[in-house]
Amino acid sequence: MGLNYYRIKKNTRKARKLVIRATSIAGSGHPGGSFSMAEIMGCIFFKHLRYDPKNPQWEDRDKLVLSKGHASPGLFSNMALAGYFDISELDTLRQLGSRLQGHPDLKCPGVEFCGGSLGIGLSFSIGSALAARIDGRPTRVFTVMGDGETDEGQVWEAAMTASKYKVDNLTAILDRNFIQQDSYTEKIMPLDEELVGDDLSEMWRDASRWKVGDKWRSFGWNVIDIDGHRIEQIDNAIKKAMQTKGVPSIIVARTIKGKGVEHMEDNPKWHGQAPKKEFVPIIDMEIDSQSMIAPSIIAGDMTNLENEVKRCVNGRADYIHLDVMDGQFVPNKTFDHTKIKELRPLTVIPFDTHLMINEPVRHVRDYIEAGSDIITVHAEVCDASSFGQINDMLRASEVGVGLAINPDTELPEWSKEFIPTLDQLIVMSVVPGKSGQKYIEATHEKMHRLIGILQENKFEGYIEADGGVTLDNIGSCFVDGARAFVGGSAIIGQQDVRGVIREFRNKIAYARRRMLIQKAYELGGKELVAKWIDLHIIGEKKNQLLQIAKELGY
């Protein structure tokens, strides 16, 4: 089965917006810690957890224990998306009589643990896991812990217990976001090396500074270190943990508190503070504006694609774009599913396979089995019947569904029935199959036209800009509505892939900040713009926001 990448990604985005909505209405809550674990919760709920929302007490269910109970909005938002209760019930968060309180409560169907006092969730989880073993149940227990709560001695007593009794049906995930209620964890009770200043970037990225995993190893645990915002890394780590026998496993997930909303990121203030209602529409837009960079490896050395994949990994690409050309639909020919199968073991980064081939319905199964995580076919060689078959095959295999249109193609009428569930729409901005082309400027106007059609048909996926995307135009492509960007010679054709991808992200960040300031002005004029900018106190963001506001005359 596939990674289910886009389903998890879309639900993570929805969950973050629901957290903002719920905490804003309540006027209190914990958005920061809910956001740092957003991808973790999404991956558990929509890939690995066995549950039945219509039968919450199903005896053979897996159990999810939220030990860091103050992040209950992040749990409840995923439970609502999973079908335990209606999304509208999130509006009752923290109200008297509500099933959804500031910490999880057993009065809410599907909640396994009342996470009040911190530091006890792991002990409870060990008991549940041992009980399942005694009863002969297939139950697996997932426990999400905060790094601040590991100050508690009971955590380490539990760690010894799990190791002694070889509790291998338990997977703990440590949300290592470096911030607890009072300040940065390394200033309160260090888990890694001493933090000098408030810049976490060096410690977050430098593996030589990570010491927390060594602590758990010394207690006899199988330890897996990951980036806790990379869905594919979370998925891979959970699989490894489930395959490990004889010892308990813990996934140390490096995360960013408040991830996805810049003024909340790495900011201790947002551990337990709700956003004001006037900022909610701007925050929602920011959450919807998260973007991905996908290098196209055919722009590199075609005789050594293995090395091009490694360059993408080192460059921290979000996923890898694989252009499959058959020499018929387009003049050129590249590779087929056999090469993708050869490349797949090199990385867990998602493979975004773009099929520029005739009769894709006959070949899609091969590309699923080769390890593609997203497969896109062209509207020009499909109709409602064949695309319906492709859609069903991909969904059944948990592979993302994409549709592509050439520069001279409009969305066909038959595609509209699929738009609400479509994961990806590739809008070609060059003629496919020819190298070295420049971005077709008419694509900007086409994108604006498409946005209206997609909104009318309740599109929840991502628009991918493919062809001629460079540092000079990626900002305007972002403003058009694209959120995924394929880079050929502009990325993989460059020597320093990581540096170029960083520059691409900076250009996108500038365009996003500008767009959000414009949104603030539309909603509340210069006064709201000033308030929005003042929220940004960590890093150099505020200076750039002030400069953008000045450029816009705000």
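Residues numbered from 1 in each chain as written. Predicted model: local features only at pLDDT ≥ 70, side-chain atom pairs only at ≥ 80, totals over all residues. Heavy atoms only, no water.

### Section: the layout of surface pockets
1) Next: The volume enclosed by the second largest pocket comes to roughly 750 Å³.
2) Next: What lines the second largest pocket is a set of 23 residues, and nearest its centre among them are Asp288, Ile451, Gln455, Gly481 and Arg483.
3) Next: For the lining of the second largest pocket, the elements supplying multiple residues, two or more each, are helix 1 (5-26), helix 11 (280-288), helix 16 (442-456), strand 12 (462-466) and helix 19 (497-534).
4) Next: Counting contributing residues per domain, the lining of the second largest pocket is built from domain 2 (291-494) and domain 3 (495-553), each supplying no fewer than three. (1 Å grid on protein atoms, 1.4 Å probe; cavity = no way out; pocket = protein on both sides within 12 Å on 5 of 7 lines; lining within 4 Å. Points joined across faces, edges and corners; volume = space filled by probe spheres on them. Helix = DSSP H or I, 4+ residues; strand = E, 2+ residues; numbered from the N terminus. Domains from an automatic or database assignment.)

### Concerning the side chain of aspartate 227
1) Next: Looking at the secondary structure, you find aspartate 227 in strand 4 (residues 222-227).
2) Next: The side chain of aspartate 227 is buried and forms no salt bridge, while arginine 230, the nearest opposite charge, is found at 5.3 Å.
3) Next: A distance of 2.9 Å separates a polar atom in the side chain of aspartate 227 from the backbone nitrogen of histidine 229. (Buried < 20%, exposed > 50% of the residue type's maximum accessible area, 1.4 Å probe, protein only. Lys, Arg positive; Asp, Glu negative; His and termini not counted. Salt bridge = Lys/Arg side-chain N within 4 Å of Asp/Glu carboxyl O. Polar contact = N/O pair within 3.5 Å; in protein donor to acceptor, adjacent residues only side chain to side chain.)

### A look at the pairing of strand 9 (residues 374-378)
1) Next: A large share of strand 9 lies buried, amounting to five of its five residues.
2) Next: In strand 9, alternate side chains face the same way, and those of Ile374, Thr376 and His378 on one face and Ile375 and Val377 on the other are all buried.
3) Next: Regarding topology, helix 14 (residues 364-369) serves as the crossover connection from strand 8 (residues 351-356) to the parallel strand 9, and that connection is right-handed.
4) Next: In terms of strand pairing, strand 9 meets strand 10 (residues 400-405) through five bridges, oriented parallel. Residue isoleucine 374 lies in a different strand from strand 10, and its bridge partner there is glycine 400.
5) Next: Where the polypeptide runs from strand 9 across helix 15 (residues 384-396) and back to strand 10, its parallel neighbour, the crossover connection is right-handed. (Right-handed = clockwise from strand over helix to strand, strands pointing away. Pairing = 2+ DSSP bridges.)

### What about the packing of aromatic side chains?
For any pair of aromatic rings, geometry is given as the distance between the ring centres together with the angle between the planes.
1) Next: For the structure on display, the rule yields 15 aromatic pairs.
2) Next: A ring pair is formed by phenylalanine 113 and phenylalanine 124, whose centres lie 4.9 Å apart and whose planes are at 45°; its orientation type is tilted. With phenylalanine 113 in the loop between helix 4 (72-82) and helix 5 (121-135) and phenylalanine 124 in helix 5, the pair connects residues that are eleven residues apart, well separated along the chain.
3) Next: Among the residues examined, phenylalanine 113 registers a relative accessible area of 8% and is labelled buried.
4) Next: We classify phenylalanine 124 as partly exposed; its relative accessible area is 36%.
5) Next: A connected cluster of aromatic rings, assembled from ring pairs, spans Tyr5, Tyr6, Tyr319 and Tyr462.
6) Next: Positioned above the aromatic ring of tyrosine 462, the side-chain terminus of arginine 13 is 5.0 Å from the ring centre.
7) Next: Across the ring face of phenylalanine 478, the terminal group of arginine 483 is positioned such that the distance to the ring centre comes to 3.9 Å. (Phe/Tyr/Trp six-rings, centres within 6.5 Å; stacked < 30°, edge-to-face > 60°. Lys NZ or Arg CZ within 6 Å of the ring centre and 35° of its normal.)

### Things to note about the nonpolar core
1) Next: Within the largest apolar cluster, 110 residues are counted, with the highest numbers of intra-cluster contacts made by Phe45 and Phe485.
2) Next: When residues of this core are assigned to their parent elements, the largest contribution, seven residues, is made by helix 19.
3) Next: If we ignore the near neighbours within four places in the chain, the residues touching phenylalanine 45 are Tyr51, Leu64, Leu75, Asn78, Met79, Ala82 and Tyr84. (Core = buried A, V, L, I, M, F, W, Y, C linked by side-chain atoms within 4.5 Å. Contact = heavy atoms within 4.5 Å.)

### Let's talk about the sheet that holds strand 9
1) Next: Read from one edge to the other, the open sheet built from eight strands follows the order 6-13-12-11-10-9-8-7, with strand pairing classed as parallel. Both outer strands of the open sheet, strand 6 (292-295) and strand 7 (320-325), are each paired with one neighbouring strand and no more. The sheet shows a mean angle of 25° between the axes of neighbouring strands, taken without regard to direction.
2) Next: Here strand 8 pairs with strand 9 via three bridges, running parallel. Among the inter-strand pairings, threonine 353 is bridged to a residue of strand 9, identified as isoleucine 375.
3) Next: Its contacts with the sheet place helix 19 against strand 6 and strand 13 (484-487), and it is angled at close to 145° to strand 6. (Axes fitted to C-alpha atoms, helices over the stretch in contact; angles between N-to-C directions.)

### Describing the domain arrangement of the protein
1) Next: Taken domain by domain, the protein holds domain 1 (28-275), domain 2 (291-494) and domain 3 (495-553).
2) Next: Relative placement of domain 1 and domain 3: their C-alpha centres are 31 Å apart.
3) Next: In this assembly, seven residues from domain 1 lie in contact with eight residues from domain 3.
4) Next: With both chains or domains summed, domain 1 and domain 3 bury close to 720 Å², and 53% of this area falls on carbon and sulfur atoms.
5) Next: When the buried area of domain 1 at its contact with domain 3 is split by residue, Glu262, His263 and Asn267 rank highest and sum to 72% of it.
6) Next: Across the contact surface, domain 1 and domain 3 share two salt bridges.
7) Next: The salt bridge involving glutamate 262 is made with arginine 513; its shortest N-O contact spans 2.7 Å. (Buried area = accessible area lost by both parts, 1.4 Å probe.)

### Side note on unusual backbone geometry
1) Next: Its identity is not glycine, yet arginine 316 carries a phi of approximately 60°, on the positive side.
2) Next: At lysine 458, a position not held by glycine, the phi torsion is positive, near 60°.
3) Next: One can find lysine 458 in the loop between helix 16 and strand 12.
4) Next: Given the relative accessible area of 65%, lysine 458 is considered exposed.

### Some details on the side chain of histidine 378
1) Next: Its location among the elements puts histidine 378 in strand 9.
2) Next: A relative accessible area of 0% places histidine 378 in the buried class.
3) Next: Only 2.9 Å separates the side chain of histidine 378 from the side chain of glutamate 380, close enough to count as a polar contact.
4) Next: Among residues more than four places away in sequence, those in contact with histidine 378 are Phe329, His354, Leu355, Met356, Leu403, Ala404, Ile405, Asn406 and Met428.

### A few points about the pattern of salt bridges
1) Next: For the structure on display, the rule yields 35 salt bridges.
2) Next: Close ionic contact of aspartate 423 with lysine 10 constitutes a salt bridge, the shortest N to O distance being 2.8 Å. Of this pair, aspartate 423 sits in the loop between strand 10 and strand 11 (424-428) while lysine 10 is found in helix 1, placing the two residues 413 residues apart along the sequence. Per residue, the accessibility class of aspartate 423 equals that of lysine 10, and both read buried.
3) Next: Two residues, aspartate 147 and arginine 176, come together in a salt bridge whose shortest N-O distance is 3.0 Å. Pair noted here: aspartate 147 is in the loop between strand 2 (141-146) and helix 6 (153-164) and arginine 176 is in strand 3 (residues 170-176), with a separation of 29 residues, a long-range link.
4) Next: Looking at aspartate 147, the relative accessible area reads 2%, which means it is buried.
5) Next: Residues joined by salt bridges that share partners form a network here, namely Lys10, Arg395 and Asp423.

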